[in-house]
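Residues per chain are reported as follows:
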Amino acid sequence: MQVFNPQYYSVEPHRRAREIKVNGIKQSLRDEDGNVVYNLYDKRLVDNVWNIPSLAGSSGERMDFDTQKPEALLKRIILASSNEGDIVADFFCGSGTTQAVAEKLGRRWIGCDLSKFAIQVTRKRLLDIHYSRDLLNEDKKEYGKPARPFEVWNIGNYETVYWQEKQDEYLAFTLKLYQAQPLTGFRYLHGRKGDRAVHVGPLNAPVTMEEIEKVVIECRANNFNKADVLGWEWSYEVNELAKELAKKNGVDLRLIQIPSVNEIKSALVGFDLKLLRIPDQMVEKELSQYIKFPEVAYLEIETKTKGIEVTLKITDFQLPPTAELAEIANKVKDSRELIDYWAIDWDYKGDTFHNQWQSFRVKKNPKVDYEAKHKYTVASSEEPGKCEKQIMVKVVDVFGNDTNKIIKVKM
Ligand SMILES: C[S@@+](CC[C@H](N)C(=O)[O-])C[C@H]1O[C@@H](n2cnc3c(N)ncnc32)[C@H](O)[C@@H]1O
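Right, let's talk about the packing of aromatic side chains for a bit. Tallying each qualifying case throughout the model produces 9 aromatic pairs. An angle of 55 degrees between the planes, with centres 5.3 Å apart, marks the rings of W163 and F173 as tilted. Highlighted residues: W163 in the loop between α3 (116–127) and α4 (167–177) and F173 in helix α4, separated in sequence by 10 residues. Grouped by ring-pair contacts, the aromatic residues W163, Y170, F173 and W232 constitute a single cluster. If you follow K43 out to its NZ or CZ, it ends over the ring of Y8, 5.0 Å from the centre.

Frequently, the measure chosen for interface size is the accessible area that the parts lose on association. When its domains are assigned, the protein resolves into domain 1 (8–43), domain 2 (57–131), domain 3 (156–290) and domain 4 (298–410). Averaged C-alpha coordinates put domain 2 and domain 3 at centres separated by 37 Å.

By definition, a disulfide links the sulfur atoms of two cysteine residues through a covalent bond. Applying the stated criterion to the full structure yields 0 disulfides. C112 supplies the cysteine sulfur nearest to C93, a cysteine that is in no disulfide, at a spacing of 7.0 Å. By relative accessible area, which is 6% here, C93 ends up buried.

So, about the pairing of strand β6 (residues 108–111). Across a regular strand the side chains alternate sides, sitting on one face of the sheet and then on the other. Pairing of strand β5 (residues 87–90) with β6 involves 4 bridges; the strand directions are parallel. Bridge assignment links V88 to a residue of β6, and that residue is W109.

Looking at the ligand, there are 13 residues lining it, with T67, K69, S95, T97 and D113 nearest. In the environment of the ligand, an oxygen atom lies 2.6 Å from a nitrogen or oxygen atom belonging to the side chain of T97. For the ligand, the protein covers 68% of the area, taking 610 Å² as the surface of the free molecule. For the shell around the ligand, the class distribution of residues is 5 nonpolar, 6 polar and 2 charged.

A few words now on the sheet that holds strand β16 (residues 371–375). Reading across the sheet, the 3 strands line up as β12-β13-β16 and stay open at both edges, with antiparallel pairing between neighbours. With partners counted over all chains shown, the strands left at the sheet margins are β12 (298–306) and β16, one partner each. Here the average twist between neighbouring strands, direction ignored, is 20 degrees.

Moving on, we get to the pattern of salt bridges. A complete count under the given rule lists 17 salt bridges for this structure. Here K104 makes a salt bridge to E71, at a shortest N to O gap of 2.8 Å. Linking K104 in helix α2 (residues 97–104) with E71 in helix α1 (residues 71–81), this pair joins segments that are 33 residues apart in sequence. Note that D252 is salt-bridged to R196, the shortest N-O span being 3.2 Å. In this pair, D252 is assigned in strand β11 (residues 252–257) and R196 in strand β9 (residues 196–200), connecting sequence segments 56 residues apart. Overall, the relative accessible area of 38% leaves D252 in the partly exposed class. Salt bridges sharing partners connect three or more residues here, namely R196, D228, D252 and R254.

Each value, and the rule that gives it
- Residues numbered from 1 in each chain as written.
- Predicted model: local features only at pLDDT ≥ 70, side-chain atom pairs only at ≥ 80, totals over all residues.
- Heavy atoms only, no water.
- Phe/Tyr/Trp six-rings, centres within 6.5 Å; stacked < 30°, edge-to-face > 60°.
- Helix = DSSP H or I, 4+ residues; strand = E, 2+ residues; numbered from the N terminus.
- Lys NZ or Arg CZ within 6 Å of the ring centre and 35° of its normal.
- Domains from an automatic or database assignment.
- Disulfide = S-S within 2.5 Å.
- Buried < 20%, exposed > 50% of the residue type's maximum accessible area, 1.4 Å probe, protein only.
- Pairing = 2+ DSSP bridges.
- Near = heavy atom within 4 Å.
- Polar contact = N/O pair within 3.5 Å; in protein donor to acceptor, adjacent residues only side chain to side chain.
- Areas by Shrake-Rupley, 256 points an atom, 1.4 Å probe, with all protein chains shown as cover.
- Nonpolar A, V, L, I, M, F, W, Y, C, P; charged D, E, K, R; others polar.
- Axes fitted to C-alpha atoms, helices over the stretch in contact; angles between N-to-C directions.
- Salt bridge = Lys/Arg side-chain N within 4 Å of Asp/Glu carboxyl O.

Below, the structure is given as structure tokens:
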């Protein structure tokens, strides 16, 4: 269904005499006392030329996003072409102007962007919408409501579906991207890079503890004492447990994040990714510069339980050494300052993450809270010490990468 709601814009109120024709001649209309009757005009129909001021630094809207558009512009578009409750979509959302305006005008919305930074800016803008300008009532200082619940989905890896049937080529391609040499005769060790064995994790499935255990066993049996496990996604327990397990077996293990398909795409412009081929000269010159394989971040959380109250505290957060981190490293006193945002689902059921608590940096206060508390409601029928909850913590660092962790608590 097409919607078009004509829009008006305000002008300085002015009065104009109402006119009538008498014997074909225009005259001012007068009432029975002889006074001229006026019409008051204070709005005009919007035509083809829109005069909307560009975003001023003092507007309070600024998100430090280069191509950000003014909310007034999106307000006009959304009011003109949708009704309350409709879904507004912007697949190039940038700083999330469309989503923020749609939210404040009572529309549902969908946003999408290939940039992690854009998604992160949009998410924070929506979480902070309470304090932004109200768009319907100019007398109100701020919107004053939180955003309705929304979810952030990452569909990046679906792009690798076309590699699914080409397992050998996928392995060769990933090893080449990582600049490792292929190895044959092993089950889980796919390559080597210097003195490190390399295992490439599966497409569209997280690397699990069982998989890492098999890599570690094969390393031990073949005298490799260093190994890199490359993955697109990670099972939640993998981070610390995997390193511990490897250490016990005398293997120095690194968990390495395979860069997103978008990053690979932008480094391989002009090549058809589906073909899984990279010319050799490209590997040396271009890829090593643009494609980074960072180590997975380390997140330590202290859990305290008192009755039905649980307190979580982030005690450590470490990012792997990368060039982008080196640029800001001297400004960071506590590594936890690298957290841009963290959120908790206090009752994670293993499917959708429900954002029940969050803390994030805003311009005025560029630091997150490190501690979060939650009081559960427990059915009286539950025996003390028998009630177990699964908590999921999601941390997003200042470079836009997610680190998730699952914690089990007994009350
Ligand atoms: C001009 S900006 C949008 C600015 C936005 N209207 C605002 O007010 O902040 C365009 C956005 O499109 C994103 N983009 C470009 N190509 C894309 C693609 N193929 N898929 C998804 N997003 C894309 C860019 O990352 C950028 O954030």
